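# Descriptive analysis of the structure
Residues per chain are reported as follows:
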Amino acid sequence: MLSPVLIGRDAELRTLVTALDAAGTGSGRAFFLTGDPGVGKSRLAAELSSLAEGRGFASYRGRAVQSASPVPFRPVTEALMQLGRSGSLVQAASESEYRSVLATLVPELGQPGRTSTEVNPLTVAEALLRVLALTGTGSILILEDLHWADPETIATVDYLADNLDGRRLLLVATLRDDEPSAGLDIARSIIARRSAELMAVPRLTEHEVEQMAGACLDADHETAVAASRLLANCDGLPFAVEEVLAAAAASGQLEHRLECHRQPVCGEAAHGASLRAAGSASARHRTPPRSELDARTRFRSHRSTRRWSSRGGGRTSHRVRDGVESDR
Ligand SMILES: Nc1ncnc2c1ncn2[C@@H]1O[C@H](COP(=O)(O)OP(=O)(O)OP(=O)(O)O)[C@@H](O)[C@H]1O
Ligand SMILES: [Mg+2]
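Residues numbered from 1 in each chain as written. Chains lettered and ligands numbered in written order. Predicted model: local features only at pLDDT ≥ 70, side-chain atom pairs only at ≥ 80, totals over all residues.

It is worth spelling out the overall build of the protein chain at this point. Across its full length, the protein chain carries 15 helices and five strands. When each of the 328 residues of the protein chain is scored for burial, the buried share is 48%. A sequence separation of at least 24 residues applies to 75% of the contacts in the protein chain between residues at least 6 apart. (Helix = DSSP H or I, 4+ residues; strand = E, 2+ residues; numbered from the N terminus. Buried ≥ 20, exposed ≤ 12 C-beta atoms within 10 Å, placed from the backbone. Contact = placed C-beta atoms within 7 Å.)

Structural data, given as structure tokens:
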């Protein structure tokens, strides 16, 4: 049950759009969007990507995946393949001496008779800086889930962040900060040397949860208020909000639960029970299979559920910042 509109995030978007406009004039920047699983890092990045496209930017996105044997440069390669599909990569790279570097990652750039160059993170990052800056008004490169990134991608991000000034490129990386990772370490180090900015994505406020419930259910104010009571234990996690609503709808109990929460006495009694039902169904994967509940979502659902029990203690907005302070 997805919210058709982005809730909150006005301040974050203002900052990012200012950086986007600066990138369009050649002052490239880098941002790390951090926070708990399901807090809305990707949604924020997607919103920025749409705004960027509306401004004539070319937008590229690739993501790291959890893997025992990570593919080198996976997120970077995925982003470049998008460029390849649009045809603009061949055009942009045609004159570049770095074409052979990119050809190693994206076969369609290969030229007959030319052997491909051996790649390393520095040459890949330099190729990205040169080629992406040539497309559109500027480019936005979104690299998702850096906490799972392969070492080559991490080293590429390290170099990119240091060399964005003078380029029409905005780099936005998302990563979870709830557990240690090499991606988190490099983000801290890059932020500490002021080559990128930290944007800790906060949980939604109570009012924003109410707004999100209203948007998800396409409901009037009274229903949204009742739904926000049902969602009280989601602790401001948008992913949990969606899951609880979806689980209640799938069980056929949504209307009944909302009705109970319209009446405070009944609501008090029903509150714990309805959340326990929805939460545990989600946690133990008893939720009826929905196509969007892929393996990654179920994993995230489990972790989100775990976090609901630590209200407030799960807030992570200072985790990267604390790390940066100790790095300095
Ligand atoms: N501000 C928001 N307004 C409306 N819906 C939101 C908002 N933030 C997130 N969502 C929704 O909540 C769900 C989880 O968000 P998202 O995937 O962006 O989380 P995430 O922080 O990227 O999680 P992960 O660490 O697992 O990648 C998505 O379906 C998204 O559309
Ligand atoms: Mg995400």
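This part takes up the sheet that holds strand E2 (residues 58-63). Pairing between sheet strands relies on hydrogen bonds along the backbone, with the strands arranged either parallel or antiparallel. Strand order in the open sheet formed by five strands is E2-E3-E4-E1-E5, with parallel pairing between adjacent strands. The open sheet is flanked by E2 and strand E5 (197-200), the only strands paired with a single partner. Recorded for the sheet is a direction-independent mean angle of 20 degrees between the axes of neighbouring strands. Running over the sheet, helix H7 (residues 151-162) touches strand E1 (29-35), strand E3 (139-144) and strand E4 (169-176) and is turned about 140 degrees from E4. (Pairing = 2+ DSSP bridges. Axes fitted to C-alpha atoms, helices over the stretch in contact; angles between N-to-C directions.)

Below, the discussion takes up the site of ligand 1. Surveying the vicinity of ligand 1 reveals 22 residues, the closest of which are Ile7, Gly40, Ser42, Arg43 and Pro238. Tallied by class, residues from the shell around ligand 1 come to eight nonpolar, seven polar and seven charged. Each of domain 1 (10-200) and domain 2 (206-308) gives at least three residues to the shell around ligand 1. (Near = placed C-beta within 6 Å. Nonpolar A, V, L, I, M, F, W, Y, C, P; charged D, E, K, R; others polar. Domains from an automatic or database assignment.)

Okay, unusual backbone geometry next. Of note, Asp218 is a non-glycine position whose phi angle comes to about 50 degrees, a positive value. Among the structural elements, Asp218 can be located in the loop between helix H9 (206-217) and helix H10 (221-230). One non-glycine residue, Asp235, lies in positive phi territory at about 55 degrees. Tracing the chain through its elements places Asp235 in the loop between H10 and helix H11 (238-250).

Now for the nonpolar core. By size, the foremost hydrophobic cluster in this structure holds 86 residues, and its most contacted members are Phe32, Leu171, Val172 and Val241. Built from parts of two domains, this core gets at least three residues from each of domain 1 (10-200) and domain 2 (206-308). When sequence neighbours within four positions are dropped, the list of residues in contact with Leu171 reads Ala30, Leu141, Leu160, Ala161 and Leu164. (Core = buried A, V, L, I, M, F, W, Y, C linked by C-beta atoms within 7 Å.)

As a further point, take the environment of Arg43. Locating Arg43 in the fold gives a position in helix H2 (residues 41-54). Arg43 sits in the partly exposed class, given 19 other C-beta atoms within 10 Å. With 37 residues separating them along the chain, Arg43 and Leu6 place their C-alpha atoms 7.7 Å apart.

This part covers the packing of helix H6 (residues 121-132) against H7. Put simply, H6 and H7 touch, their axes get as near as 8 Å, and they point 50 degrees apart. Considering their axes alone, H6 and H7 lie oblique with respect to each other. For the element pair H6 and H7, the recorded crossing hand is right-handed. Residues Pro121, Leu122, Val124, Ala125, Leu128 and Leu129 of H6 lie in contact with H7, whose contacting residues are Glu152, Ala155, Thr156, Tyr159 and Leu160. Considered class by class, the residues forming the contact of H6 with H7 number nine nonpolar, one polar and one charged. (Parallel < 35°, antiparallel > 145°, perpendicular 65-115°, else oblique. Left-handed = near helix turned anticlockwise from the far one by under 90°.)

A few words on helix H12 (residues 254-262). Buried within H12 we find Leu254, Arg257, Leu258, Cys260 and His261. The arc enclosing the buried residues of H12, seen along the axis, measures out at 160 degrees, which places them on a common side. (Arc of directions from axis to C-beta.)

Right, let's get into H11. Over its 13 residues, H11 runs 18 Å from end to end, which matches the ideal 18 Å to within 8%, given 1.5 Å per residue. Counting buried positions over the 13 residues of H11 gives 10, a clear majority of the element. Where H11 ends, the next residue or the one after it, Gly252, has phi of about 75 degrees, a positive value. (Expected span 1.5 Å × (residues − 1).)

Turning to the environment of Pro202, a few remarks are in order. Structurally, Pro202 can be placed in the loop between E5 and H9. Counting along the chain gives 161 residues from Pro202 to Lys41, while the straight-line C-alpha distance between them is 9.4 Å.

So, about the confidence of the model for the protein chain. In the predicted model, the protein chain carries a mean pLDDT of 81, and 75% of its residues have values of at least 70. Note that pLDDT drops below 50 for residues 267-271; the model gives that stretch seven contacts with residues more than four away or on any other chain. (pLDDT = per-residue confidence, 0-100.)

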